[in-house]
Amino acid sequence: MQLTSFTDYGLRALIYLANLPEGELTSITKVTDTYGVSRNHMVKIINKLGQLGYVETVRGKNGGIRLGMPAGNIVLGHVVRAIEPLQIVNCAPDFCNITPACQLKGILADARNAFLNELDKYTLLTLVDNNPPLRVLLGLPAEH
């Protein structure tokens, strides 16, 4: 299973924000520069993460973005469920004529659920806690 670039960069944006000192604001431009993704794409990602409460956006001259909740409360499986289109195959009867008898869709659903259940074991904090090399790679001070 491969995540869409939207979900991939959404997780990366959260990782970046989780490495900032609590409450510190940053800009979408800094996140896009760090990962080399288009600003337009990242704006859409941050907007979606903001709608879901994972990112807080602060408007105004001194505005920016930051995590919308503690990293320990952001369960990876929940993030993926919220932003990833999880339909692995198209089983619509007008698309696939074996849908009524197909057992593959059930097996794929089980596999998808196992994947998500594994992600549910981890939070954003799991990815960033006590990880100074990550901070350096993100262009942030080793300690905050």
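So, here's what we can say about the structure.

About the thresholds
- Residues numbered from 1 in each chain as written.
- Predicted model: local features only at pLDDT ≥ 70, side-chain atom pairs only at ≥ 80, totals over all residues.
- Heavy atoms only, no water.
- Salt bridge = Lys/Arg side-chain N within 4 Å of Asp/Glu carboxyl O.
- Helix = DSSP H or I, 4+ residues; strand = E, 2+ residues; numbered from the N terminus.
- Disulfide = S-S within 2.5 Å.
- Buried < 20%, exposed > 50% of the residue type's maximum accessible area, 1.4 Å probe, protein only.
- Axes fitted to C-alpha atoms, helices over the stretch in contact; angles between N-to-C directions.
- Parallel < 35°, antiparallel > 145°, perpendicular 65-115°, else oblique.
- Left-handed = near helix turned anticlockwise from the far one by under 90°.
- Contact = heavy atoms within 4.5 Å.
- Nonpolar A, V, L, I, M, F, W, Y, C, P; charged D, E, K, R; others polar.

1. Concerning the pattern of salt bridges
Part 1 of the argument: Counted by the stated rule, this structure contains four salt bridges.
Part 2 of the argument: Salt-bridge contacts for R12 lead to D8; the nearest nitrogen and oxygen are separated by 2.8 Å. With R12 and D8 both in helix α1 (residues 5–18), this residue pair falls four residues apart, about one helical turn.
Part 3 of the argument: Residue E56 pairs with R66 through a salt bridge whose shortest N-O separation is 3.1 Å.

2. Regarding the state of the cysteines
Part 1 of the argument: Overall, the coordinates contain zero disulfides when judged by the stated rule.
Part 2 of the argument: C91 takes part in no disulfide bond, and the closest cysteine sulfur, belonging to C102, lies 5.9 Å away.
Part 3 of the argument: The partly exposed category is assigned to C91, whose relative accessible area is 24%.
Part 4 of the argument: A disulfide-free cysteine, C96 has its sulfur positioned 6.0 Å from the sulfur of C102, the nearest such atom.

3. Quick look at the packing of α1 against helix α4 (residues 76–83)
Part 1 of the argument: The contact between α1 and α4 brings their axes to 10 Å, and the two run at 140 degrees. Of the possible angle classes, the one that applies to α1 and α4 is oblique. Relative to α4, the crossing made by α1 is right-handed. The residues of α4 that touch α1, namely those facing F6, T7, L11 and L14, are L76, V79, V80 and I83.
Part 2 of the argument: Across the contact of α1 with α4, the residue classes break down as seven nonpolar, one polar and no charged.

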